[in-house]
Amino acid sequence: MNWHTLSKEGVLKELGSDAEKGLSSAESSARLLKYGHNKTVEKAGKSLFEKFLGQFKDFMVIILLIAAAVSAATTMISGEHDWLEPLVIIAIVILNAALGVIQESKAETALEALKTLSAPHAKVKRDGQVQTIDAADLVPGDIILLEAGDFIPADARLIESASLKCEEASLTGESVPVEKDADAAVSPDAGLGDRRNMVFSGCSVTYGRGVVVVTSTGMSTEMGKIAKLLSVTEDTRTPLQLKLEKLGKALGVLVLGICAVIFVLGLTLGDKSLPLSERVMDMFMTSVSLAVSAIPEGLPAIVTVVLAIGVQRMVKKNAIIRRLPAVETLGSASVICSDKTGTLTQNRMTLLKIYDGERIVELGKESGERAEKVLLYGSLCSDGDAYYEDGKLMLVGDPTETAISAALLKYCGVPKKQADEMYLRKGEIPFDSDRKLMSTINEIDGKLYVLVKGAPDIVISRCSSVDAESALKANSQMAKEALRVLGVAYKQIDEIPGRLTSEEIESDLEFAGLVGMIDPPRKEAEEAVRVCQKAGIKVIMITGDHIETAVAIAKQLNILTGESQAIEGKQLAAMSDRELEENIERFSVYARVSPQDKIRIVQMWQKKGHVVAMTGDGVNDAPALKAADIGCAMGITGTDVAKGAAAMTLTDDNFATIVAAVKEGRGIYANIKKAVMFLLSCNFGEVVAIFFAILLGFKAPLTPLMLLWINLITDSLPALALGVEPIESNVMDQKPRSKEEGIFSGGYRLYVACLGMLIGVLTLSAYLFGLLLSGHSYGMSLAFIVLALSQLVHSYNMRSKGSVFKLGLFSNKYLNGAVLISALLMLIATLTPMRALFGVEQISAAHWLIAVALSLAPLLINEIAKLVQELLNKREEKSA
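This section reports on the structure supplied with the text.

Conventions used here
Residues numbered from 1 in each chain as written. Predicted model: local features only at pLDDT ≥ 70, side-chain atom pairs only at ≥ 80, totals over all residues. Heavy atoms only, no water. Helix = DSSP H or I, 4+ residues; strand = E, 2+ residues; numbered from the N terminus. Buried < 20%, exposed > 50% of the residue type's maximum accessible area, 1.4 Å probe, protein only. Contact = heavy atoms within 4.5 Å. Expected span 1.5 Å × (residues − 1). Phe/Tyr/Trp six-rings, centres within 6.5 Å; stacked < 30°, edge-to-face > 60°. Lys NZ or Arg CZ within 6 Å of the ring centre and 35° of its normal. Core = buried A, V, L, I, M, F, W, Y, C linked by side-chain atoms within 4.5 Å. Patch = residues over 30% accessible without salt bridge, like charges linked within 9 Å, V, L, I, M, F, W, Y side chains within 5 Å. Areas by Shrake-Rupley, 256 points an atom, 1.4 Å probe, with all protein chains shown as cover. Salt bridge = Lys/Arg side-chain N within 4 Å of Asp/Glu carboxyl O. Pairing = 2+ DSSP bridges. Axes fitted to C-alpha atoms, helices over the stretch in contact; angles between N-to-C directions. Parallel < 35°, antiparallel > 145°, perpendicular 65-115°, else oblique. Left-handed = near helix turned anticlockwise from the far one by under 90°. Nonpolar A, V, L, I, M, F, W, Y, C, P; charged D, E, K, R; others polar. Polar contact = N/O pair within 3.5 Å; in protein donor to acceptor, adjacent residues only side chain to side chain.

### Structural notes on the overall build of the protein
Here's step 1: A tally of regular secondary structure across the protein gives 35 helices and 25 strands.
Here's step 2: C-alpha extents for the protein along the principal axes are approximately 120 × 70 × 50 Å.
Here's step 3: In the protein, which comprises 880 residues, the proportion classed as buried is 54%.
Here's step 4: Sequence-distant contacts, at least 24 apart, represent 72% of the contacts inside the protein between residues at least 6 apart.

### Regarding the side chain of T343
Here's step 1: For T343, the position within the fold is in helix 13 (residues 340-344).
Here's step 2: Leave out the neighbours within four places in its chain, and T343 touches S338, R522, T615, M634, D653, N654, F655 and I658.

### Some details on helix 35 (residues 845-879)
Here's step 1: The end-to-end C-alpha separation of helix 35 is 52 Å, in line with the 51 Å expected for 35 residues at 1.5 Å each.
Here's step 2: Turning to helix 35, its buried residues are H847, W848, A851, S855, A857, P858, L859, N862, E863 and K866.
Here's step 3: Elements in contact with the buried residues of helix 35: helix 30 (748-774), helix 31 (776-794), helix 32 (804-807) and helix 33 (813-831).

### What to know about the packing of aromatic side chains
Aromatic ring pairs are reported here in terms of the distance separating the ring centres and the angle at which the planes meet.
Here's step 1: Under the criterion given, the structure shown has eleven aromatic pairs.
Here's step 2: Both rings, one in Y377 and one in Y490, keep their centres 5.2 Å apart while their planes meet at 70°; by these two values the pair is edge-to-face. Taken together, the residues Y377 in helix 14 (residues 369-380) and Y490 in strand 18 (residues 484-493) connect sequence positions 113 residues apart. For the pair Y377 and Y490, one class covers both residues: buried.
Here's step 3: Among the aromatic residues, those joined into a cluster by ring pairs are Y377, Y449 and Y490.
Here's step 4: The positively charged end of K165 is found above the aromatic ring belonging to F431, 4.8 Å away from the centroid.

### Examining the nonpolar core
Here's step 1: Of all hydrophobic cores here, the largest spans 113 residues; its most connected members are M648, F655, V676 and M677.
Here's step 2: Ranked by the residues each element gives to this core, the list is headed by helix 27 (residues 655-695), at 15 residues.
Here's step 3: Beyond its immediate sequence surroundings of up to four residues, M648 is in contact with A319, I320, I321, L330, I630, G631, C632, A633 and A661.
Here's step 4: Listed in part, the 65 residues of the second largest apolar core include V11, V205, I542 and V612.

### A short note on the environment of T400
Here's step 1: Structurally, T400 can be placed in helix 15 (residues 399-412).
Here's step 2: Residues T400 and V485, spaced 85 residues apart in sequence, show a C-alpha to C-alpha distance of 9.3 Å.
Here's step 3: Those residues within four positions of T400 in sequence are excluded, and the remaining contacts are R484, L486 and M517.

### Quick look at helix 30
Here's step 1: Helix length check: helix 30 (27 residues) gives 38 Å between terminal C-alpha atoms against 39 Å at 1.5 Å per residue, within 8%.
Here's step 2: G775 sits one or two positions beyond helix 30 and adopts a positive phi of about 100°.

### Observations concerning a nonpolar patch on the surface
Here's step 1: There is a patch of nonpolar side chains on the surface, built from L269, F684, F692, L695, L696, F698, M757 and V761 and spanning about 640 Å² of accessible area.
Here's step 2: Among the secondary structure elements, those contributing two or more residues to the nonpolar patch are helix 27 and helix 30.
Here's step 3: If you tally residues by element for the nonpolar patch, the top one is helix 27, at three residues.
Here's step 4: Tracing the backbone through its elements, the reader meets F684 in helix 27.

### Some remarks on the sheet that holds strand 24 (residues 630-634)
Here's step 1: Strand order in the open sheet formed by eight strands is 8-25-24-23-9-20-22-21, and the pairing between neighbours is mixed. Each edge of the open sheet carries a strand with a single partner, namely strand 8 (319-321) and strand 21 (565-568). Each strand axis lies, on average, 20° off the axis of its neighbour in the sheet, ignoring direction.
Here's step 2: Pairing between strand 8 and strand 25 (residues 648-650): three bridges, direction antiparallel. Note on strand 25: the bridge partner recorded for A319 is L650.

### What to know about unusual backbone geometry
Here's step 1: Even without glycine at this site, N318 takes up a positive phi of about 70°.
Here's step 2: As for its placement among the helices and strands, N318 is situated in the loop between helix 11 (299-315) and strand 8.
Here's step 3: The phi dihedral of D508 falls on the positive side, at around 55°, and the residue is not glycine.
Here's step 4: On the secondary structure map, D508 appears in the loop between helix 19 (502-505) and strand 19 (509-518).

### Topic: the packing of helix 27 against helix 30
Here's step 1: Their axes nearest at 7 Å, the elements helix 27 and helix 30 cross at an angle of 45°. Between helix 27 and helix 30, the interaxial angle falls into the category oblique. Our pair here, helix 27 against helix 30, has a crossing hand that is right-handed. Taking contact as the criterion, the partners of K673, M677, L680, S681, F684, G685, V688, A689, F692 and A693 in helix 27 are, on helix 30, Y748, V752, A753, G756, M757, I759, G760, V761, T763 and L764.
Here's step 2: For the contact of helix 27 with helix 30, the residue count by class is 14 nonpolar, five polar and one charged.

### Overview of the pattern of salt bridges
Here's step 1: Evaluation of the coordinates by the stated rule reveals 33 salt bridges.
Here's step 2: For K453, the salt bridge identified is with E401, shortest N-O distance 2.8 Å. Of this pair, K453 sits in strand 16 (residues 447-454) while E401 sits in helix 15, and the two are 52 residues apart along the sequence. The same class applies to K453 and to E401, which are both buried.
Here's step 3: In this structure, E863 engages K866 in a salt bridge whose closest nitrogen and oxygen atoms are separated by 4.0 Å.

### Regarding the pairing of strand 18
Here's step 1: The buried fraction of strand 18 is high, at eight of ten residues.
Here's step 2: When strand 16 meets strand 18, the two strands line up antiparallel, connected through seven bridges. Across the sheet, the residue bridging to K453 is V488, located in strand 18.

### Observations concerning the environment of R359
Here's step 1: Relative to the helices and strands, R359 is located in the loop between strand 10 (350-355) and strand 11 (360-362).
Here's step 2: With twelve residues separating them along the chain, R359 and A371 place their C-alpha atoms 9.4 Å apart.
Here's step 3: R359 has contacts with I354, E366 and S367, leaving out every residue within four places of it along the chain.
Here's step 4: Polar side-chain contacts of R359 include one of 3.1 Å to the backbone oxygen of S367.

### Section: the environment of L12
Here's step 1: Within the element layout of this structure, L12 appears in helix 1 (residues 8-15).
Here's step 2: Judged by relative accessible area, L12 falls into the buried class, the value being 14%.
Here's step 3: For the pair formed by L12 and V214, sequence separation is 202 residues and the distance between their alpha carbons is 9.6 Å.
Here's step 4: Discounting chain neighbours no more than four positions away, the residues touching L12 are S17, A19, I143, I159 and V213.

In short, geometric facts, not functional conclusions.
Rendered as structure tokens:
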């Protein structure tokens, strides 16, 4: 039902209600049974146990669990009672699951916050009496009495209104209180922000009073519809999660395939003199070793820790991350849908221009006695105050009035309070939405003056002394610049009338001038938009404000350029999904949009393959914040609902902070990629060493416990250190990563394969050298040392695609520390009695030198390859 299109009488008739008496107790009880309580219905959340089980869906974790089970089974069959290996694997899996549960437990608070936005009580007419009841007991047809300061408990149609203004920013995005009028005629396709004869649940009354009839309660209200959207909008998986999941599946299939091949080869090529059962058990254990070597056990934990470190860095840059993967998602963002008010703008109405009756004066560049007079009279005829407290400008009252008082303070040096004391107010006629005027009587220099401010056309029409044509032209010029314009007029009177009436006071006025104000763009927003465009990120403005205002701000920030267009919510609603998908890239500004429109815009960009970041502060933004790849809520002006639905909160409500966070996100992804590539190349080296040893007819050169030690102790610390590598300076000069871009893009697949092959060959060479000198056990000991040390040296290769010597070999202090600690742990594992646990023999000093020399090879060979590549690139540039 379009309640806003019906007359007051029509609404009351439709709802079967009486404006004077309200509903009867019996009728309200019957309707409560029919419609239910005026509350939002909550979707049941996951239990702690369900969250814990959910962490085991990852394919890589499943392979690890299988490896642990197989290891435990072989331990039982062999009767060796060596449970260390399966217990270590299980401990890793449980630790990772615990981290995931902790992270997920911080989630869904949006619906809970919606509950707190419900008014606890409402003043209603029932049985002909005014009663105060629980807001939860309201039903359609109830008559509610509203006054300034009241929270609106349900959606309702106005029956009476007197200078009523409502704050609807959290629902519609409207930056200033909306004037309401019970008699307003509203078109059927009007958006929420334009339904001036309606009030909405979750909003508040800022001025005046009204009587309304409830049209919708609970989940049927506009706020309830948003709650419903929140419950059905699923969280999107981040690009990194998808890539690591894909990698995990690929590794799992690869591991199973290689294990099967090794098992068959071992049985076929192995020592036929041994009993079949013994050969099967040997190859089974070798296959387990291979599974352990191929899977980077520490990867999930390392990614989590690197993201957590990134979160801490972002806190210092005014961005609080609620979901860890969101850090990386920011770096993938190719579209940022930003709210206008407070994010791209200052969220403070600012007076920019004055028409002083002769010319338009731009404040800050020029002034004059006439312009100052307009400011003074406008401020005296206002209740909004502006003053400094501890060096900070404080604004109290209606935004348009505080803008006038702030300009008087800034440009004339006169505080509002001082002006009121100098020129005492003797009487007033408050603002009225019918008159669209406010008038005061002040004593100025011993004389009485009527001061009037209000809608420019009405003020001009009440003046007898005015160049109406010039004034209306100035009004039109300022309005085209999306300035909110007010007229100011005055007249001298001899005495204060016994009864103040508009007819007597607000007529035969002298025109003083016009004041033009706007919520201006943030100074840093223009540069932030420029950085985004350079980085290949499209910035889109989505606002509940009027299209003229949105277009003016968008042009100033270069969001709206020659090619792009602006569109209103009602035009958007008229477009089919196919039409919108075909034209989505044409639009850069969306005005007067609904919550459903915002979700539609976000999902359409996602359908085009883009990673979408969405900012917002109101309840109306919450579903889109949740639907976006990354939702960014405002910390200062944002509602709890918006913060609960978003993955990130900006503590300074600043668009520039999002751009800084995108840079951080890109750097974090690059570092995670370095860590992942390092771990995979190391693990590939382990697979190569074992695979070719078996292929050549030898035993496995490394035990599962040796591999676990290297994967968890030796590899993990350098991988973590790579995760905090300083962000490269040119990271914002690159285009956003595509959702489809694999983790091996940029030639990393070949890079990982070559370096992994090199590490594997060096390890196998050390094993064969030891095998020839002193047998299998000595060969394993040398292979263990070379594999561990070569991987530590290799970690320096992963810092940059360029020469690490140009970057500064030891410039990452965290990597230096990690390599040193890992090397010391390796020495403990091979030189102390602890070596018996790993089956390591005493190695001679000469053989230690050989092992160290082999371990340095990955760095030296890689640097030579980088130098050759650099020379080839320079030759190509010259020839081009």
